[in-house]
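Below are the chains, spelled out letter by letter.
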Amino acid sequence: MSTAVLAGSAWSVMPCLANSSCFIVKCYVFRQKYGLVLSESGGCLLLFYGTGTLTGSSQIISEDIWKDSLVKEHIMEAVYNFKEMMNKPERLAPGHRMCAGCGGAVAVRGVLRALHEGDRAVVGNATGCLEVSSFMYPYTAYEDSYIHNAFENAGATLSGVETAYRVLKKRGKIKEDYKFITFGGDGGTYDIGFQSLSGAMERGHDMVYVCYDNGAYMNTGTQRSSATPQFADTTTTPAGKVSDGKVQTRKDLTAIMAQHHIPYAAQTTFTNNFKDLHTKAEKAIYTPGAAFLNIFAPCPRGWGYESSELMNICRAAVDTCYWPLYEVVDGKWILSYEPKKKLPIEDFLRSQRRFRHLFSPGNEGLIAEFQREVDRRWEELQARCGR
């Protein structure tokens, strides 16, 4: 057995000198998960089936167990180390002009951290908050190759670049390996850029489309999009005496992308020390073929919250099941997180100025309607995931 790198992660795997049928996997903490547990034996940590929890500096995994791809994936997730990930070199350089407390910048940094050390990337970017704040010709905040394209064609641009790359590599004119990642806000993804996104996914280009979903056209003044939640107060759906905010419910774009039958689609946000975001971004980047990642990315100006509340809003979105965490892998729907106690939707709405009118006397029915829609979608997702 030769030294290898754990597929889909940055953890090293080496043969055990004491036992040639085992691997040593460098890690920091392994917690009991999926019926797997570590115990100490002869100064080493051996993996076997059982229950319990153990913390250690290394673990030995039998070759037979390691061949189980499901076990391998669970171990990859278990060895995620927050401190090490945060200390990786930034691919989105500091000095950009994104707002304090902006979810978009956090999303980009998290996705690019999932690239393995030494791997190259081409980053695309639809016009929007992220583009105007991270790029001013001839300067960009990206350490990788960067392409700014129009509002509507991020999917088309990166699919064309990916195709050209494959042709040039086949002809021997490019030797390096590249990954292709494009970012777009919900306006440029759910609405204006939907047709180019759909085409890129249907054609199966080896690329990742990442939507940083902040629920409106924030760059141009907080106009509603099809990602804007029902009853939200925006500049084009103002709440007041004659209106309760946006009338329509939000589009479920992640489910729509899953129906393109692509290898990987997922929904995530900033929770659990970014573990869910990192794991899904890594899967999306290193899964061959088309992948879509939808990231809940709050906007302090458009939503009306204090910058310091970013993480609390993300947690409330997940625990109220407004923004469930799940993935669709080769057509199989998998629920990533299920709250032990599902919180009422008021816990998500209350901290945002765009929903303050819902808490005025007489509007209790609007909150109840919002809750019914969240419950309906959550039950539908549970059924898809076989719960």
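Cut-offs applied
- Residues numbered from 1 in each chain as written.
- Predicted model: local features only at pLDDT ≥ 70, side-chain atom pairs only at ≥ 80, totals over all residues.
- Heavy atoms only, no water.
- Helix = DSSP H or I, 4+ residues; strand = E, 2+ residues; numbered from the N terminus.
- Buried < 20%, exposed > 50% of the residue type's maximum accessible area, 1.4 Å probe, protein only.
- Contact = heavy atoms within 4.5 Å.
- Areas by Shrake-Rupley, 256 points an atom, 1.4 Å probe, with all protein chains shown as cover.
- Pairing = 2+ DSSP bridges.
- Right-handed = clockwise from strand over helix to strand, strands pointing away.
- Axes fitted to C-alpha atoms, helices over the stretch in contact; angles between N-to-C directions.
- Nonpolar A, V, L, I, M, F, W, Y, C, P; charged D, E, K, R; others polar.
- Phe/Tyr/Trp six-rings, centres within 6.5 Å; stacked < 30°, edge-to-face > 60°.
- Lys NZ or Arg CZ within 6 Å of the ring centre and 35° of its normal.
- Parallel < 35°, antiparallel > 145°, perpendicular 65-115°, else oblique.
- Left-handed = near helix turned anticlockwise from the far one by under 90°.
- Core = buried A, V, L, I, M, F, W, Y, C linked by side-chain atoms within 4.5 Å.
- Salt bridge = Lys/Arg side-chain N within 4 Å of Asp/Glu carboxyl O.

A. Main features of the overall build of the chain. Helix and strand counts for the chain stand at 14 helices and 18 strands. Here the chain holds 387 residues, and the buried ones make up 52% of them. Pairs at least 24 residues apart make up 64% of the contacts formed inside the chain by residues separated by at least 6 positions. Here the chain has roughly 17,900 Å² of accessible surface; of this, 53% comes from carbon and sulfur atoms.

B. Quick look at the pairing of strand β16 (residues 291-296). A large share of β16 lies buried, amounting to 6 of its 6 residues. Residues of β16 alternate between two faces, with Ala291, Leu293 and Ile295 on one and Phe292, Asn294 and Phe296 on the opposite face, all of them buried. Across 6 bridges, the pairing between strand β14 (residues 208-213) and β16 is parallel. Residue pairing in the sheet places valine 208 in a bridge with alanine 291 of β16. Bridge count between strand β15 (residues 264-268) and β16: 5 bridges; the pairing is parallel. Note on β16: the bridge partner recorded for alanine 265 is phenylalanine 292. Handedness of the crossover joining β15 and β16 through helix α10 (residues 275-286): right-handed.

C. Summary view of the packing of helix α6 (residues 154-170) against helix α8 (residues 194-203). Where α6 contacts α8, the axes come no closer than 6 Å and their chain directions differ by 35°. Contacts between α6 and α8 involve Ala154, Gly155, Ala156 and Ser159 on the former and, on the latter, Ser196, Leu197, Ala200 and Arg203. Per-class residue counts for the contact of α6 with α8 are 4 nonpolar, 3 polar and 1 charged.

D. Representation of the packing of aromatic side chains. By the definition in use, this model includes 18 aromatic pairs. Ring centres of tyrosine 165 and tyrosine 178 lie 5.9 Å apart, and the angle between their planes is 80°; this geometry places the pair in the edge-to-face category. Separated by 13 residues along the polypeptide, tyrosine 165 in helix α6 and tyrosine 178 in strand β13 (residues 178-185) bring together distant segments of the chain. Under the relative-accessibility criterion, tyrosine 178 is labelled partly exposed at 21%. Ring plane angle 25° and centroid distance 6.2 Å describe the contact between tyrosine 209 and phenylalanine 292, whose orientation is recorded as stacked. Residue tyrosine 209 is located in strand β14, and its partner phenylalanine 292 is located in strand β16; the two are separated by 83 residues in the primary sequence. Each member of the pair, tyrosine 209 as well as phenylalanine 292, is classed as buried. One aromatic cluster in this structure is built from Phe296, Trp303, Tyr305, Tyr322, Trp323, Phe348, Phe355 and Phe370. The cationic tip of lysine 251 hangs over the ring face of phenylalanine 194; the distance from NZ or CZ to the ring centre is 5.1 Å.

E. Spatial organisation of the packing of helix α4 (residues 103-113) against α10. Their axes nearest at 8 Å, the elements α4 and α10 cross at an angle of 60°. Relative to α10, α4 is oriented oblique. Note that α4 runs across α10; the crossing there is right-handed. Residues Val106, Gly110, Val111 and Arg113 of α4 lie in contact with α10, whose contacting residues are Leu277, His278, Ala281 and Ile285. Here the contact of α4 with α10 is built from residues that sort into 5 nonpolar, 2 polar and 1 charged.

F. Representation of the nonpolar core. Core analysis: the largest hydrophobic core is formed by 93 residues, its most contacted members being Val111, Met201, Phe270 and Phe348. In this structure, phenylalanine 348 is in contact with Phe296, Ile313, Ala316, Ala317, Thr320, Tyr322, Arg354 and Phe355, ignoring residues within four places of it in sequence.

G. Structural detail: the pattern of salt bridges. All chains considered together, the criterion is met by 16 salt bridges. Note that aspartate 319 is salt-bridged to arginine 315, the shortest N-O span being 3.4 Å. On the criterion of helical spacing, the pair formed by aspartate 319 and arginine 315 is a turn pair, its members being 4 residues apart in helix α12 (residues 310-319). Residue arginine 387 is joined to glutamate 338 by a salt bridge in which the shortest nitrogen-to-oxygen separation is 2.5 Å. Taken together, the residues arginine 387 in the segment after α14 (364-384) and glutamate 338 in the loop between β18 (332-335) and α13 (346-349) connect sequence positions 49 residues apart.

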